[in-house]
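Spelled out, the chains give:
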Amino acid sequence: MQPIKLFILQMYFLCRILSATARAADQPNPCRLLPGRNGERKGSADMPKILSAHDAVRQYIHDGDTVTFGGFASGLMHPESILRALEERARNGEGPHGLTALYAAGQGDSDSRGLNHLGVEGLCRRVIGGHWGLSPKLGRLCAENKLAGSNLPQGVIAQLFRDIAAGKPGVITHVGLGTFVDPRLEGGKLNDAARAAGDVVKLIELEGEEKLFYPAIPIQVAILRASYADTRGNCTFQREGVYAEALAQAQAAHNSGGRVIVQVEKVVSYGCLDARLIRLPGIYVDALVVARPENHMQTFGTQYDPAFSGEIRTPLNALSPLPMGTRKIIARRAAMELTPCAVTNLGIGMPEGVASVAAEEGLESMVLTTEVGAVGGVPAGGMDFGAATNVDCILEQPVQFDFYDGGGLDTAFLGLAQMDGDGNVNVSKFGPKIAGCGGFINITQNAKKVVYCGTFTAGGLEVSAADGTLKLLREGKVKKLVRQVEQVTFAGRYAIKHNQPVLYITERAVFALTPEGVALKEVAPGVDIQRDILDQMEFTPVITDVTTMDSRIFREERMGLAQQNPSSSGTTQEQEVKQCLFGK
């Protein structure tokens, strides 16, 4: 090509580039600037601010905001430092006021940490949560009608964050039908203030079937937690025991035009973090708060255990067995319902003991899961509840509930606080005390089989077990098998309609749900049916084909469940495990 022609061609393309640049200068860059709340403009690629917890609260949380809080149960993924600052400012009269709090899992220590920080009169005008029992200070304000309190299924709220992020109208599901969440009963409203505030769930019909519709709620602020963040806000969860629904919450707030504040252990330079570990991208994050170690514990019971975050594995024999007592007796009978390679869920409280019994008995092939996302391993209990050791993987909570809601659970073990003759179970409300349903409704309505675990009576019950028999030393003052439950957390008729097998296991008797009602199936050796069972109930069960509970349950030595007697197929459980794992 001749030099003059090449020069003309170069000048032509240079003019085109300059012209395009000039036009772009007159227009906003959608990649760099996004409209924010109150007319502000936020740069998605801008570096987040690194602030103190108090400054983050002051700058980003305003009166009347809808705020979502990340975390699960005993402090897992909970941004304690920011919640402390929020409480301190509220108590000092510095605001904010009239917040709407939205969260999936309850978070607290039943005392002062977690969502108990929200228990300041005037701080919240409305609270919509999945569980209330771990935050009694918040529950007290609800009971006193000083805020509008609603309780919805934990899994529904976790999934709702994704639908808010996606701009969808809300969640449409069968979860909650027939329970207190159903608008035909209570609609999830816990007090008069909630009833005055309006519906949070609606009954609809979709292609001839009843469904519940949970409308989307725009979010102004998401308060979350991560392990490390870089200077551009990219966050890792590598030292966390769960991932909860932090990603969905961040997306929901961001796409609602809101703000995302993340509490972290450390902030490092951009490029220092392994991209494979980043679970929350910096484009969602507005502010980072570096917390002190005491406000960034892995759980409220443990500062940090690498086994909880899946970094190491703990030998099963290092887990302490349960001492003999009602808890172990019930857990042992429940563990007999475990089958090789069955996917299971263990609820909080009494069912947690099933994991300990499974470990003690060497039932290593049981696939135990938690609703917050652990698959495999052994779920932890007490102040570590929600974490697990020796897991195969950790999923996000909304994903786990997708699996649960679709019928993926083979067996679920849940607590038994109150039951009636129709098989209804209440674990969510007792007089003025609000516990909440948590993931109970998602789990119990959808598992292929449900096993309820709890003592026969409450309030001072004492028993002893020796030589294969049970002795009742002192009867509990409170009857739990009542004429009608105070609140329907599990609907027996819904289970019957869907042919769902249901067992109710206590230390002295085992019941099953039948179309005719609750039936007595097993009685502990040493127990009198009339005196110790029927006289301690407010309804009369169906009584046919009653057998004696396995005497091994009431002995100190191991039961030998992994090498139990041959099944009808002629194989032991140990052989069934090998067939399940290796196909042989």
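What you see is a predicted model, and the numbers here were worked out from it, not measured in a lab. (Residues numbered from 1 in each chain as written. Predicted model: local features only at pLDDT ≥ 70, side-chain atom pairs only at ≥ 80, totals over all residues. Heavy atoms only, no water.)

Caption draft 1: Focus on the overall build of the protein chain. On a plain count of helices and strands, the protein chain comes out with 14 helices and 37 strands. Relative to its 584 residues, the protein chain shows a buried fraction of 57%. Sequence separation of at least 24 residues holds for 73% of the intrachain contacts in the protein chain that already meet a minimum separation of 6. Surface summary for the protein chain: the accessible area is close to 24,400 Å², and the carbon and sulfur share equals 52%. (Helix = DSSP H or I, 4+ residues; strand = E, 2+ residues; numbered from the N terminus. Buried < 20%, exposed > 50% of the residue type's maximum accessible area, 1.4 Å probe, protein only. Contact = heavy atoms within 4.5 Å. Areas by Shrake-Rupley, 256 points an atom, 1.4 Å probe, with all protein chains shown as cover.)

Caption draft 2: Inspection of the pairing of strand 14 (residues 259–264) at higher detail. Most of strand 14 is tucked away, with 6 of its 6 residues classed as buried. Alternating residues of strand 14 divide into Arg259, Ile261 and Gln263 and Val260, Val262 and Val264, and every residue in both groups is buried. Taken together, the 5 bridges between strand 11 (residues 221–225) and strand 14 define a ladder with parallel strand orientation. Of the residues in strand 14, the one forming a bridge with Ile223 is Ile261. Note: strand 14 against strand 17 (residues 287–290), 4 bridges, orientation parallel. Bridge assignment links Gln263 to a residue of strand 17, and that residue is Val289. (Pairing = 2+ DSSP bridges.)

Caption draft 3: Focus on the nonpolar core. Grouped together as the largest cluster of nonpolar side chains are 67 residues, with contacts concentrated most on Val425, Tyr452, Tyr504, Phe511 and Ile533. Dropping the residues within four chain positions of it, Tyr452 is found in contact with Leu414, Gly415, Leu416, Val425, Phe440, Thr444, Phe490, Val502, Leu503, Tyr504 and Ile505. In terms of nonpolar packing, the next biggest core, distinct from the first, is built from 65 residues, Val242, Ala250, Val285 and Phe385 among them. (Core = buried A, V, L, I, M, F, W, Y, C linked by side-chain atoms within 4.5 Å.)

Caption draft 4: Seen up close, the packing of aromatic side chains. Enumeration according to the criterion identifies 8 aromatic pairs in this entry. Relative to Tyr404, the ring of Phe401 has its centre 5.9 Å away and its plane inclined at 80°; by these criteria the two rings are edge-to-face. Separated by 3 residues within a single helix, Phe401 and Tyr404 lie in helix 10 (residues 397–405), roughly one turn from each other. Grouping residues by exposure puts Phe401 and Tyr404 together as buried. Among the aromatic residues, those joined into a ring-pair cluster are Phe440, Tyr452, Phe490 and Tyr504. The ring centre of Tyr304 lies 3.8 Å from the NZ or CZ of Arg239, which sits over that ring. (Phe/Tyr/Trp six-rings, centres within 6.5 Å; stacked < 30°, edge-to-face > 60°. Lys NZ or Arg CZ within 6 Å of the ring centre and 35° of its normal.)

Caption draft 5: Region of interest: the packing of helix 5 (residues 154–165) against helix 10. One way to put it is that helix 5 packs onto helix 10 with a least axis distance of 9 Å and a crossing angle of 120°. As judged from the angle between their axes, helix 5 and helix 10 are oblique. Crossing hand, helix 5 versus helix 10: left-handed. For the pair helix 5 and helix 10, the contacting residues are Gln154, Gly155, Ala158, Gln159 and Arg162 in the first and Gln397, Pro398, Val399, Phe401, Asp402 and Asp405 in the second. Class assignment for the residues of the contact of helix 5 with helix 10 results in 4 nonpolar, 4 polar and 3 charged. (Axes fitted to C-alpha atoms, helices over the stretch in contact; angles between N-to-C directions. Parallel < 35°, antiparallel > 145°, perpendicular 65-115°, else oblique. Left-handed = near helix turned anticlockwise from the far one by under 90°. Nonpolar A, V, L, I, M, F, W, Y, C, P; charged D, E, K, R; others polar.)

Caption draft 6: Layout of the side chain of Thr389. Within the secondary structure, Thr389 is located in strand 22 (residues 388–389). Contact partners of Thr389, with chain neighbours within four places excluded, come to Ala307, Phe308, Gly377 and Val378.

Caption draft 7: Local environment of the packing of helix 5 against helix 7 (residues 246–255). Across the interface, helix 5 lies against helix 7 with an axial gap of 8 Å and an inter-helix angle of 35°. The way helix 5 lies across helix 7 gives a crossing that is left-handed. In contact with Phe161, Arg162, Ile164 and Ala165 of helix 5, helix 7 contributes Ala248, Gln249, Gln251, Ala252 and Asn255. Class assignment of the residues belonging to the contact of helix 5 with helix 7 gives a composition of 5 nonpolar, 3 polar and 1 charged.

Caption draft 8: The arrangement of the sheet that holds strand 11 in detail. The strand order across the open sheet built from 8 strands is 3-17-14-11-4-5-6-7, with neighbouring strands paired in parallel fashion. Of all strands in the sheet, those with a lone pairing partner are strand 3 (49–51) and strand 7 (148–151), marking the two edges. On average, each strand axis in the sheet is tilted by 20° relative to the strand beside it, whichever way the strands run. Where strand 4 (residues 66–69) and strand 5 (residues 99–103) come together, 3 bridges link them in parallel fashion. Looking at the pairing, Thr68 lines up with Leu102 of strand 5. With respect to the sheet, helix 2 (residues 53–60) is in contact with strand 3, strand 11, strand 14 and strand 17, its orientation differing from that of strand 3 by roughly 120°. Across the sheet, helix 5 is in contact with strand 4, strand 5 and strand 6 (124–129); its angle to strand 5 comes to roughly 110°.

Caption draft 9: A look at the pattern of salt bridges. The tally for this structure, following the rule as stated, stands at 29 salt bridges. Across the pair Arg333 and Glu522 runs a salt bridge, and its minimum N-O distance is 2.7 Å. Taken together, the residues Arg333 in helix 8 (residues 326–335) and Glu522 in strand 36 (residues 517–523) connect sequence positions 189 residues apart. When sorted by exposure, Arg333 lands in the same class as Glu522, which is buried. For Asp550, the salt bridge goes to Arg552, with nearest N and O atoms at 2.8 Å. A relative accessible area of 23% means that Asp550 is categorised as partly exposed. Its relative accessible area of 26% is what places Arg552 among the partly exposed residues. Three or more residues are tied together by salt bridges with common partners; here these are Arg333, Glu337, Lys449 and Glu522. (Salt bridge = Lys/Arg side-chain N within 4 Å of Asp/Glu carboxyl O.)

Caption draft 10: Seen up close, the layout of surface pockets. In this structure, the largest pocket occupies an estimated 770 Å³ of space. Residue lining of the largest pocket: 33 residues in total, with His131, Ile348, Gly349, Val427 and Ala435 positioned closest to the centre. The set of elements that each furnish at least two residues to the lining of the largest pocket consists of strand 24 (411–415) and helix 11 (440–446). Its residues assigned to classes, the lining of the largest pocket comprises 17 nonpolar, 13 polar and 3 charged. (1 Å grid on protein atoms, 1.4 Å probe; cavity = no way out; pocket = protein on both sides within 12 Å on 5 of 7 lines; lining within 4 Å. Points joined across faces, edges and corners; volume = space filled by probe spheres on them.)

Caption draft 11: Just unusual backbone geometry, in detail. For the bond from Gly95 to Pro96, the omega torsion is 0°, close enough to zero to count as cis. Its place among the elements puts Pro96 in the loop between helix 3 (80–91) and strand 5. The backbone phi angle of Asn145 is positive, close to 65°, even though this residue is not glycine. Structurally, Asn145 can be placed in the loop between helix 4 (136–143) and strand 7.

Caption draft 12: Representation of the side chain of Arg89. For Arg89, the position within the fold is in helix 3. Residue classification places Arg89 among the buried positions, given a relative accessible area of 11%. With residues up to four places along the chain from it excluded, the contact list for Arg89 reads His54, Val57, Arg58, Glu94 and Gly95.

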